[in-house]
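Reading the structure
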Amino acid sequence: MKRNSQLSGVLHVLLHMDAHDAPMTSEVLARAMQTNPVVIRRIMAGLREAGYVRSEKGHGGGWSIACDLKAVTLRDIHEALGGPSLLAIGNRTEAPGCLVEQAVNAALTQAFDEAEALLLERLGGVTLAALAKDFKKRLAARGGPHEMEKAHAG
């Protein structure tokens, strides 16, 4: 079963943007994420509507951070992405009249709801600033340039 990595990918893009002093084009971000620029533009449009990023046209334009990273949580970003399901598993629904299926689904639904509520609570406790701080700490420990900086050097 394929996992949805959109939240992880968007957070990755936002940290790249935070580490870069100038706006970044969809093409540059797409290369970093190994995806198509159209995918980046679609994702960024939702983040722009939420006020987390802005876009600038023309020479030197691109995407940049438009928010205080200390005020935005991972849950905020998840919600800006449309709040996709956090769990990859779900209930069987082939026989809704089956009493066994009803009993199983009732138990699983409660467990899924509790797990999702806990995960959302945890995502709400981590800010983008905390991620950026961890990234900078890891970068300093490595002692070398960030791969995005290397990509822009050439």
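Counting from 1, residues in each chain are numbered in the order their sequence is written. Given that this is a predicted model, residues contribute local features only at a pLDDT of at least 70 and side-chain atom pairs are listed and counted only at 80 or more, while totals for whole chains, interfaces and linings are drawn from all residues. Computation of side-chain values covers all heavy atoms of the structure but excludes hydrogens and water.

1. A word on the nonpolar core
Buried Ala, Val, Leu, Ile, Met, Phe, Trp, Tyr and Cys residues form a nonpolar core when they are joined through side-chain atoms within 4.5 Å. Whether a residue is buried, partly exposed or exposed follows from its accessible area with a 1.4 Å probe, protein chains only, as a fraction of its type maximum: under 20%, in between, or over 50%, in that order. Ranked by internal contacts, the top residues of the largest apolar core, which has 28 residues, are L14, M17, L29, M44, L47, I77 and L128. Contributions of two or more residues to this core are made by α1 (6-19), α2 (26-33), α3 (37-49), β2 (62-65), α4 (74-80) and α6 (128-142). Runs of H or I in DSSP of at least four residues are treated as helices and runs of E of at least two as strands, each being numbered from the N terminus. Examining the composition of this core, we find that seven residues originate from one element, α1, more than from any other. Contacts were defined at the residue level, with two residues in contact if any of their heavy atoms lie within 4.5 Å. The residues contacting L29, other than those within four sequence positions of it, are V13, H16, M17, M24, I40, M44 and W63.

2. Observations regarding the confidence of the model for the protein
Chain-level pLDDT for the protein is 89 on average; 92% of the residues reach the 70-or-more range. Confidence scores per residue from the predictor, reported as pLDDT, run from 0 to 100. Mean pLDDT across the secondary structure elements of the protein bottoms out at helix α7 (residues 147-153), with 48, and peaks at α4, with 96.

3. Let's talk about the packing of α1 against α2
Contact pair α1 / α2: the axes reach a minimum separation of 10 Å and the direction vectors enclose 125°. In terms of axis orientation, α1 runs oblique to α2. Seen along the crossing, α1 lies across α2 with a hand that is right-handed. On α2, the residues that touch G9, H12, V13, H16 and M17 of α1 are L29, A32 and M33. Three categories are distinguished: nonpolar for Ala, Val, Leu, Ile, Met, Phe, Trp, Tyr, Cys and Pro, charged for Asp, Glu, Lys and Arg, and polar for the others, with Gly belonging to the last. For the contact of α1 with α2, the residue count by class is five nonpolar, three polar and no charged. With axes taken as lines fitted to C-alpha atoms, and helix axes fitted only over the stretch in contact, angles between N-to-C directions fall between 0 and 180 degrees. When describing relative orientation, an angle under 35 degrees is termed roughly parallel and one over 145 degrees roughly antiparallel, while 65 to 115 degrees is termed roughly perpendicular and anything else oblique. Should the near helix be turned anticlockwise from the far one by less than a right angle, the crossing is left-handed, and should it be turned clockwise, the crossing is right-handed.

4. Things to note about the environment of A19
By the element assignment, A19 lies in helix α1. Residue classification places A19 among the partly exposed residues on the basis of a relative accessible area of 26%. Distance in space between the C-alpha atoms of A19 and K136 is 8.5 Å, their sequence separation being 117 residues.

5. Quick word on a nonpolar patch on the surface
Residues form patches when they are more than 30% accessible in relative terms and have no salt bridge. Like charges link within 9 Å. Nonpolar side chains (Val, Leu, Ile, Met, Phe, Trp, Tyr) link within 5 Å. A 1.4 Å probe and the Shrake-Rupley method give the accessible areas. Residues count as covered only by the protein chains that appear here. Basic side-chain nitrogens of Lys or Arg form a salt bridge, by our definition, when they fall within 4 Å of a carboxyl oxygen of Asp or Glu. Residues V100, V104 and L108 make up a contiguous nonpolar surface patch of roughly 240 Å² in combined accessible area. Checked against the element boundaries, L108 lands in helix α5 (residues 99-123).

6. A look at the side chain of N105
Relative to the assigned elements, N105 resides in helix α5. Excluding residues that lie within four positions of it along the chain, N105 makes contacts with N91 and R92.

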